[in-house]
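Single-letter residue listing:
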Amino acid sequence: MFTRDFKKLFLVVISLMIVGLFCLVVYFGLSRVSSWAESTTDTFPYLTGEDSMRYLLPSLMRHPERDVILLAGSSSAGEGLLYEQFNSAFPAEYTYPGAVSTGTLDDILVLLDYIEKVYGDLAMPKTLVLGISLRFIANYPRRFGPEKEKSPFSPVFNAIWKYSTYYVQSTSTGSKLKSKSWIDGISCKIKFMLRKQLPRYRAAVAAALDTSLERFGWEKASVDELPGMENVRNIFNKTDIPKWYSFSKKSGFVPLLRAWLSIYRSPYQTQYMEPVDSKRLSEELEKENHFWSKVYLWDPQKEEVMVRSQIADLLLLVKKHDIALYVINLPENIISRRLYRGDNYSNYLELVKNSLNGIPFLNLWEMLGDDEFFDEEHPTLTGARRVTGKVIDFIREHRKHGTKNM
């Protein structure tokens, strides 16, 4: 009886060990494929709202063989500054699209500090292109200080708090990284490995399939001709299926598949979506309880100390690491531009330019027409190409004349 029960227990243990070994093999195999995709192909896992978790991936953050151009800011910088155009313009360098959802200047300072602490000085960018807006400099949603909001949406803080070895501590004028205990740090790393790898695996599979189709000689359909979608990463919805079907008859199924695979693992989203109706957008932005209402009312003169303090921290950091900094005031839809109260916007520009102390600054606020926006601040693909071209010319001109950060 005892021998029979022992054999059953032995078989159960062996079965569990085989299953566990199989899971480990699959995990490490998919992790290797993910690292390959992220480091050698244009693959950026995690969708909008979780894009800051890309900073937790060494495969995206470490590029010792080339100098890094970091494109930073909020999602308007992410959609408006195209890393592909930068790579074409500066082929000797590697351009990383590091903008984050609802990003603020406080977020970017935290992320730069994270790169330095976790990956070391060699991972710091040699060039920082910072896309800003009034909301970005005003730090809305506010996540620190006496004006801190009760429940601010914070993708950056959530990613760091839940899945890294650090946490974010608020001060009166910003946020600082603090180390967790080694037990909490290990626990969070394990949590990241167990809970947040599926987006990496899906993006890696998309990269592997796209690369295979390319090697077999299949062409890729032009994304310029794609119709605006409702959800570019989940095409199986009643609105988008007819559009994909109609386009496939024109381009062919496999070329369309390749275009979608590249879109799926790209850092962009709104560029491929149907623009918001201008009348509906205007009505939404004019509501008193809308998020943007506090942005339009923000008085930079009342928070000059906070702004100057954060920009001073940024200038100290770029000086410490010999980073070339270019600050771009990003375009905004006229529907949004006309809602700023009084002299708030002109005072914001003056405060930023004075605080930058001679750092190259380009104001593109009024550059794009209202037909070149998805919404109040995110440009269409056509608009983004124009903006990126302008910024590249700006950087080339300053590099040509050897402009240095002050």
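Structure's up top.
The shown structure was predicted, so the numbers you read here are calculated from the model rather than taken from an experiment.

K.L.:
What exactly am I supposed to notice about the overall build of the protein chain here?
P.N.:
Scanning the protein chain for helices and strands turns up 17 helices and seven strands. A compact globule built from 406 residues should have a C-alpha radius of gyration of about 22 Å, and the protein chain, at 23 Å, falls within 12% of that. The C-alpha extent of the protein chain, read off along each of the three principal axes, is 90 × 55 × 45 Å. Counting every position in the protein chain, which comprises 406 residues, the buried fraction comes to 53%. Looking at the protein chain alone, contacts between residues at least 24 apart form 78% of all its contacts between residues at least 6 apart. Accessible area of the protein chain: about 20,500 Å², with a carbon and sulfur share of 57%. Taking the average location of the 52 positive side-chain charges in the protein chain and that of its 48 negative ones, the two points are 7 Å from each other.

K.L.:
So what exactly am I meant to see when it comes to the sheet that holds strand S7 (residues 361-363) here?
P.N.:
The strand order across the open sheet built from five strands is S2-S1-S3-S6-S7, with neighbouring strands paired in parallel fashion. The open sheet is flanked by strand S2 (94-97) and S7, the only strands paired with a single partner. Across the sheet, the mean angle from the axis of one strand to that of its neighbour is 15 degrees, orientation sign disregarded. Of the strand pairs in this sheet, strand S6 (residues 324-329) and S7 are connected by three bridges, and their pairing is parallel.

K.L.:
Please explain a nonpolar patch on the surface as it appears in this structure.
P.N.:
On the surface, a nonpolar cluster with roughly 680 Å² of combined accessible area is contributed by Trp182, Ile183, Ile186, Ile190, Met193 and Leu194. In this structure, methionine 193 sits in helix H8 (residues 182-195). On the accessibility criterion, methionine 193 (40% relative accessible area) is partly exposed.

K.L.:
So what exactly am I meant to see when it comes to helix H16 (residues 344-356) here?
P.N.:
Note that an α-helix has 3.6 residues per turn; residues three or four places apart therefore point the same way. End to end, H16 covers 18 Å across 13 residues, agreeing with the expected 18 Å (1.5 Å per residue, within 8%). Within the sequence span of H16, burial applies to Asn344, Tyr345, Asn347, Tyr348, Leu349, Leu351, Val352, Ser355 and Leu356. The elements touched by buried residues of H16 are strand S3 (127-132), helix H6 (134-138), helix H13 (291-297), helix H14 (304-320), S6 and S7.

K.L.:
Help me understand unusual backbone geometry in this model?
P.N.:
Of all residues except glycine, most have a negative phi; of all peptide bonds, most are trans. The peptide bond linking tyrosine 140 to proline 141 adopts the cis configuration, its omega dihedral lying at 5 degrees. Here proline 141 lies in the loop between H6 and helix H7 (155-163). Located in the positive-phi region is asparagine 139, a residue other than glycine, with phi close to 60 degrees. Summarising the element assignment, asparagine 139 is placed in the loop between H6 and H7. Exposure remark for asparagine 139: the relative accessible area of 0% places this residue in the buried category. Located in the positive-phi region is asparagine 357, a residue other than glycine, with phi close to 55 degrees. Here asparagine 357 falls in the partly exposed class, since its relative accessible area comes to 48%.

Rules of the game
- Residues numbered from 1 in each chain as written.
- Predicted model: local features only at pLDDT ≥ 70, side-chain atom pairs only at ≥ 80, totals over all residues.
- Heavy atoms only, no water.
- Helix = DSSP H or I, 4+ residues; strand = E, 2+ residues; numbered from the N terminus.
- Rg over C-alpha atoms; globule rule 2.2 N^0.38 Å.
- Buried < 20%, exposed > 50% of the residue type's maximum accessible area, 1.4 Å probe, protein only.
- Contact = heavy atoms within 4.5 Å.
- Areas by Shrake-Rupley, 256 points an atom, 1.4 Å probe, with all protein chains shown as cover.
- Lys, Arg positive; Asp, Glu negative; His and termini not counted.
- Charge placed at Lys NZ, Arg CZ, Asp CG, Glu CD.
- Pairing = 2+ DSSP bridges.
- Axes fitted to C-alpha atoms, helices over the stretch in contact; angles between N-to-C directions.
- Patch = residues over 30% accessible without salt bridge, like charges linked within 9 Å, V, L, I, M, F, W, Y side chains within 5 Å.
- Salt bridge = Lys/Arg side-chain N within 4 Å of Asp/Glu carboxyl O.
- Expected span 1.5 Å × (residues − 1).

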